[in-house]
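Reading the structure
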Amino acid sequence: MRISLDYEEMIPVNGDRQSIRIRSADAEHPVMLFLHGGPGVCNRHLVLRHNGALADRFTLVCWDQRASGKSFRPEQLRQSLTPEQYVEDTRAVVEYLCRLFGKNKIFVVGHSWGSYLGVRLAQQYPEHVQAYIGVGQLVNGGENERLGYEFALEMARTAGNQKEIRKLGAPPVNGVYASHDAMLAQRDCVAKYGGVDYHHRGGMISSMVLPLLRTKEYRLSEIVQYAKGGMYTSDTLWNEVVACKFDETVPSLSVPVLITQGVHDYTTAYALAEAWFQKLSAPKKEWVSFAESAHSPNYEEAEKWNRVVSEFCLSCL
């Protein structure tokens, strides 16, 4: 595949400067924007590694959101952040890309926290969305955390790991943990027992930190700011994120919808996403399960995911 576009730049976004990464074989291709998870967990290094083959048919755009990754600035640690601000940032980035590439609409891929932004965007600003693709779809924050915690606790008990059981502590209340450490303990445990990456099991270090250290997309200094931004955005936005109840507030979307969900996902529970999808009204919708994946079928079963997404998106043009 011959790549004609392969660069990153800082763009203006609602009074801020934020980083985007672009790769494509042809500037005329349909545009596909990736919304990363977290909040604050940027994924351009993983998208380009696992989903880069899509650049043969689409212009791929990875965006480091406000106070995240390459878009992080120290003064942002003193700013208040809201989900609404991120939705507005997403709208601004979509409009910027439409102008940049001369498109009326683009494809939007939302992963985890990015799936929250993607659904909110499609609901409030559908005019520039060709289709929405959800990966690790967030639906109901409180129920999601309850199911994830119960999975982690059950697995720790089965393993007889008393240290993990103590770290997990009390269950979250309406999705909110007693402390940041308790939330990290749950995430680490879910990752260790296959609820993040089904086959490559490990804690947060192996699933998040090592891929960052091995990529050329982020310098060491940028990894430091990546960590600072990730901690701050997750702490600041968490309570509002887990208040999400798309099963009550989003009965329909006016754009085509594709949901790609790993069967073993206990970060954003498969059962919750499937139940919402079954009730969702949309002009065109498709559900694809990934039997060998957990939270990130776009990386875990990349070849299948790339094929499914390409076929769906091309059918929407």
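An account of the accompanying structure is given in this report.

About the thresholds
- Residues numbered from 1 in each chain as written.
- Predicted model: local features only at pLDDT ≥ 70, side-chain atom pairs only at ≥ 80, totals over all residues.
- Heavy atoms only, no water.
- Patch = residues over 30% accessible without salt bridge, like charges linked within 9 Å, V, L, I, M, F, W, Y side chains within 5 Å.
- Areas by Shrake-Rupley, 256 points an atom, 1.4 Å probe, with all protein chains shown as cover.
- Salt bridge = Lys/Arg side-chain N within 4 Å of Asp/Glu carboxyl O.
- Helix = DSSP H or I, 4+ residues; strand = E, 2+ residues; numbered from the N terminus.
- Buried < 20%, exposed > 50% of the residue type's maximum accessible area, 1.4 Å probe, protein only.
- Phe/Tyr/Trp six-rings, centres within 6.5 Å; stacked < 30°, edge-to-face > 60°.
- Pairing = 2+ DSSP bridges.
- Axes fitted to C-alpha atoms, helices over the stretch in contact; angles between N-to-C directions.
- Contact = heavy atoms within 4.5 Å.
- Parallel < 35°, antiparallel > 145°, perpendicular 65-115°, else oblique.
- Left-handed = near helix turned anticlockwise from the far one by under 90°.
- Nonpolar A, V, L, I, M, F, W, Y, C, P; charged D, E, K, R; others polar.
- Core = buried A, V, L, I, M, F, W, Y, C linked by side-chain atoms within 4.5 Å.
- Polar contact = N/O pair within 3.5 Å; in protein donor to acceptor, adjacent residues only side chain to side chain.

1. So, a nonpolar patch on the surface
Side chains of V209, L213 and L220 sit close together on the surface and give an oily, nonpolar patch of about 280 Å² of accessible area. By the secondary structure assignment, V209 is in helix 7 (residues 204-214). By relative accessible area, which is 33% here, V209 ends up partly exposed.

2. Observations concerning the packing of aromatic side chains
For the structure shown, the criterion picks out 9 aromatic pairs. Aromatic pair F246 and W276: ring centres 6.3 Å apart, planes at 35 degrees, arrangement tilted. In this pair, F246 sits in helix 9 (residues 246-249) while W276 sits in helix 10 (residues 270-279), placing the two residues 30 residues apart along the sequence. By the burial criterion, F246 is buried, and W276 matches it.

3. Considerations on the sheet that holds strand 4 (residues 59-64)
Taken in spatial order, the 8 strands line up as 1-2-4-3-5-6-7-8 in an open sheet, and their pairing is mixed. Across the chains shown, the open sheet's two edge strands, defined by having one partner strand only, are strand 1 (5-13) and strand 8 (285-290). Going from strand to strand, the sheet's axes swing by 20 degrees on average, the running direction of each strand aside. Contacting strand 7 (257-262) and strand 8, helix 10 runs over the sheet at an angle of about 160 degrees to strand 8.

4. Observations concerning the packing of helix 2 (residues 83-101) against helix 3 (residues 113-124)
In the contact formed by helix 2 and helix 3, the axes pass within 9 Å of each other and the chain directions differ by 70 degrees. Accordingly, the angle class assigned to the pair helix 2 and helix 3 is roughly perpendicular. For the pair helix 2 and helix 3, the crossing hand works out as right-handed. Only W113, Y116, L117, R120, L121 and Q124 of helix 3 make contact with helix 2, whose side of the interface consists of P83, E84, Y86, V87, T90, R91 and V94. Split by residue class, the contact of helix 2 with helix 3 holds 8 nonpolar, 2 polar and 3 charged.

5. What about the nonpolar core?
Core analysis: the largest hydrophobic core is formed by 50 residues, its most contacted members being L33 and L97. Leaving out residues up to four positions away in the same chain, L33 has contacts with V61, W63, V93, V94, L97, I106, F107, V108 and V109. One finds A131, I133, V135 and V309 within the second-largest nonpolar core, a separate group that totals 24 residues.

6. Regarding the pattern of salt bridges
Scanning the entire structure with this criterion turns up 19 salt bridges. E145 serves as the salt-bridge partner of R187, at 2.9 Å between the closest nitrogen and oxygen. Taken together, the positions of R187 in helix 6 (residues 180-192) and E145 in helix 4 (residues 141-159) put the pair 42 residues apart, joining distant regions of the chain. There is no split in this pair, since R187 and E145 are both buried.

7. With respect to the environment of G230
Of note, G230 is situated in helix 8 (residues 220-241). Taking the relative accessible area as the measure of exposure, G230 reaches 14% and is therefore buried. Along the primary structure G230 and V41 are separated by 189 residues, whereas in three dimensions their C-alpha atoms are 6.0 Å apart.

8. Some points on the packing of helix 6 against helix 8
Relative orientation of the contacting elements helix 6 and helix 8 amounts to 105 degrees, with a least axis distance of 12 Å. Looking at the two axes, helix 6 sits roughly perpendicular to helix 8. Touching H180, M183 and R187 of helix 6 are M231, S234, D235 and W238, all from helix 8. Tallied by class, the residues present in the contact of helix 6 with helix 8 amount to 3 nonpolar, 2 polar and 2 charged.

9. Digging into the side chain of H295
The topology assignment puts H295 in the loop between strand 8 and helix 11 (297-300). Residue classification places H295 among the buried positions, given a relative accessible area of 6%. Only 3.1 Å separates the side chain of H295 from the side chain of D265, close enough to count as a polar contact. Each residue touching H295, except ones within four places of it in the same chain, is listed here: H111, S112, V135, G136, G195, V196, D265, T267, T268 and E300.

10. With respect to unusual backbone geometry
The omega torsion of the bond from G38 to P39 falls at 5 degrees, within 30 degrees of zero and hence cis. On the secondary structure map, P39 appears in the loop between strand 3 (31-35) and helix 1 (44-50). Of note, the phi angle at N14 is positive, near 50 degrees, even though the residue is not glycine. The residue S112 is not glycine, and still its phi comes out positive at about 60 degrees. Along the chain, the position of S112 falls in the loop between strand 5 (106-111) and helix 3.

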